[in-house]
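Spelled out from the first residue to the last, the chains are:
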Amino acid sequence: NFENRCIQILKSKGWKVEGTPITGDQGVDIIASINNFRLCLQCKDHKKPLGNKAVQEISAGREYWEGTHAIIVSNSGFTKSAIKLASANNVILINDVELEDLNNIILK
């Protein structure tokens, strides 16, 4: 599934990856760590662009899991409203291809 694909990409790039519980994950599917970075990721395999709800969840989840970054990986894009909300809340929005380049996005 999409979440497992994201996990494999992260591991191949040197990230230490851990999943969160199926219930009580607070909007975070994966936590990835390297150096002093702790990324909270939500992986969404949908047919339509993601809206504000996903951005709100990962923003809260980053605080709950004490992450340094909040990232949503989507294969279907994002609504204009979600992009604006993500920008205001310092949430990174990417697709699974961009996930391959996460080291450059985060470690720059």
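Here's what I pulled together on the structure shown here.

### Some words on the nonpolar core
Within the largest apolar cluster, 20 residues are counted, with the highest numbers of intra-cluster contacts made by Leu10, Trp15, Leu41, Ile71, Leu99 and Leu102. Mapped onto this core, the elements with two or more residues apiece are helix 1 (2-12), strand 2 (30-34), strand 3 (37-44), strand 4 (69-74), strand 5 (91-94) and helix 5 (102-107). Among the elements that line this core, the one with the most residues is helix 1, at 5 residues. When sequence neighbours within four positions are dropped, the list of residues in contact with isoleucine 71 reads Leu39, Cys40, Leu41, Gln42, Ile58, Ile92, Ile94, Leu102 and Ile106. Of all hydrophobic cores here, the second largest spans 14 residues; its members include Ile31, Cys40, Val55 and Ile72.

### Here we look at the packing of aromatic side chains
Two numbers describe a pair of aromatic rings. These are the distance of the centres and the angle of the planes. Counted according to the given criterion, the structure contains 1 aromatic pair. Between tyrosine 64 and tryptophan 65, the aromatic rings sit 5.2 Å apart at their centres with planes inclined by 80°, giving edge-to-face as the arrangement.

Thresholds applied
- Residues numbered from 1 in each chain as written.
- Predicted model: local features only at pLDDT ≥ 70, side-chain atom pairs only at ≥ 80, totals over all residues.
- Heavy atoms only, no water.
- Core = buried A, V, L, I, M, F, W, Y, C linked by side-chain atoms within 4.5 Å.
- Buried < 20%, exposed > 50% of the residue type's maximum accessible area, 1.4 Å probe, protein only.
- Helix = DSSP H or I, 4+ residues; strand = E, 2+ residues; numbered from the N terminus.
- Contact = heavy atoms within 4.5 Å.
- Phe/Tyr/Trp six-rings, centres within 6.5 Å; stacked < 30°, edge-to-face > 60°.

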